[in-house]
Amino acid sequence: MLFVNIPVADLQRSKAFFAKLGFSFNPNFTDETAACMLVGEQASVMLLSHSKFAEFAKLPMADPATHTLALYCFSVSSREEVDAVAQAALAAGGVEADGLEDYGFMCSRSFFDLDGHGWQVMWMDPAAALKGPEEFATSMQDADAPA
């Protein structure tokens, strides 16, 4: 299992923001200082109040408005869902970081959440995910070649 911990200034506000994007929370690991946001079968993002985050961190907390701490990327099941999630993030108060990036076999959009953390929502063609981008591109070129 993977748990990524990120500090948030207002836990309830952050929970509401991510709920508008379609995320749910595990009540067994959620209280007034932390919320366990489910992002996959074996992965969660722990939204932690600043004081709770400070209990775990050994170094000073950086400000995501002025420093990139990490970039958080999650996948969705279709190109249309990339746009739907990005639009939901913007409607909920997020700020667009990058518009649509379309590579044919995958596409993505990026936004900053309410605390300034960078998120990317992406879709990848399942065949490209299995083969890898280069092998997938080669197989597509072979399919387009005249017989």
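Since the model is a prediction, treat every value here as computed from it, not as a measurement. (Residues numbered from 1 in each chain as written. Predicted model: local features only at pLDDT ≥ 70, side-chain atom pairs only at ≥ 80, totals over all residues. Heavy atoms only, no water.)

Explain helix H1 (residues 11-20) to me, and be specific about the residues and the numbers.
In an α-helix, one turn spans 3.6 residues, which is why side chains three or four residues apart end up on the same side. Burial in H1 covers these residues: Leu 11, Ser 14, Lys 15, Phe 17 and Phe 18. One side of H1 holds all its buried residues, which, seen down the axis, span an arc of 160 degrees. Capping the start of H1, Asp 10 holds a side-chain oxygen 3.3 Å from the backbone nitrogen of Gln 12, two or three residues further along. (Buried < 20%, exposed > 50% of the residue type's maximum accessible area, 1.4 Å probe, protein only. Helix = DSSP H or I, 4+ residues; strand = E, 2+ residues; numbered from the N terminus. Arc of directions from axis to C-beta. Polar contact = N/O pair within 3.5 Å; in protein donor to acceptor, adjacent residues only side chain to side chain.)

Tell me what's going on with the pairing of strand E8 (residues 118-124), and back it up with residues and numbers.
In terms of burial, E8 is a largely internal element, five of the seven residues being buried. Here strand E5 (residues 71-75) pairs with E8 via five bridges, running parallel. Bridged to Leu 71 within E8 is Gly 118. Here seven bridges tie strand E7 (residues 106-112) to E8, and the two strands are oriented antiparallel to one another. (Pairing = 2+ DSSP bridges.)

Would you mind going over the sheet that holds E7 in detail, with residue names and values included?
Strand order in the open sheet formed by four strands is E5-E8-E7-E6, with mixed pairing between adjacent strands. Of all strands in the sheet, those with a lone pairing partner are E5 and strand E6 (95-102), marking the two edges. Each adjacent strand pair in this sheet contributes to an overall mean axis angle of 15 degrees, direction not counted. Sheet topology note: the E6/E7 ladder contains five bridges and is antiparallel. Counted as the bridge partner of Asp 102 is Cys 107 from E7. The sheet contacts of helix H3 (residues 79-91) involve E5, E6, E7 and E8, and relative to E7 the element is tilted by about 5 degrees. (Axes fitted to C-alpha atoms, helices over the stretch in contact; angles between N-to-C directions. Contact = heavy atoms within 4.5 Å.)

How would you summarise the pairing of strand E3 (residues 34-40) if you had to cite specific residues and measurements?
Of the pairings in the sheet, the one linking strand E2 (residues 24-26) to E3 comprises three bridges and is antiparallel in character. Along E3, the bridge assignment pairs Ser 24 with Leu 38. Two strands pair when backbone bridges link them, and E3 and strand E4 (residues 43-49) are joined in this way by six bridges, in the antiparallel orientation. Bridge assignment links Ala 34 to a residue of E4, and that residue is Leu 48. Linking E3 back to E4 in an antiparallel pair, the connection comprises two residues.

Report on the packing of aromatic side chains, specifying residues and quantitative values.
This model, assessed by the stated rule, comprises seven aromatic pairs. Taking 5.1 Å as the distance between ring centres and 75 degrees as the angle between the ring planes, the aromatic pair formed by Phe 23 and Phe 74 counts as edge-to-face. Remark: Phe 74 occurs in strand E5 and Phe 23 occurs in the loop between H1 and E2; sequence separation between them is 51 residues. The pair Phe 23 / Phe 74 is uniform in exposure class, with both members buried. Phe 74 gets classed as buried once you look at its relative accessible area, which sits at 10%. Aromatic rings pair up to connect Phe 17, Phe 18, Phe 23, Tyr 72, Phe 74, Phe 111 and Trp 119 into one cluster. (Phe/Tyr/Trp six-rings, centres within 6.5 Å; stacked < 30°, edge-to-face > 60°.)

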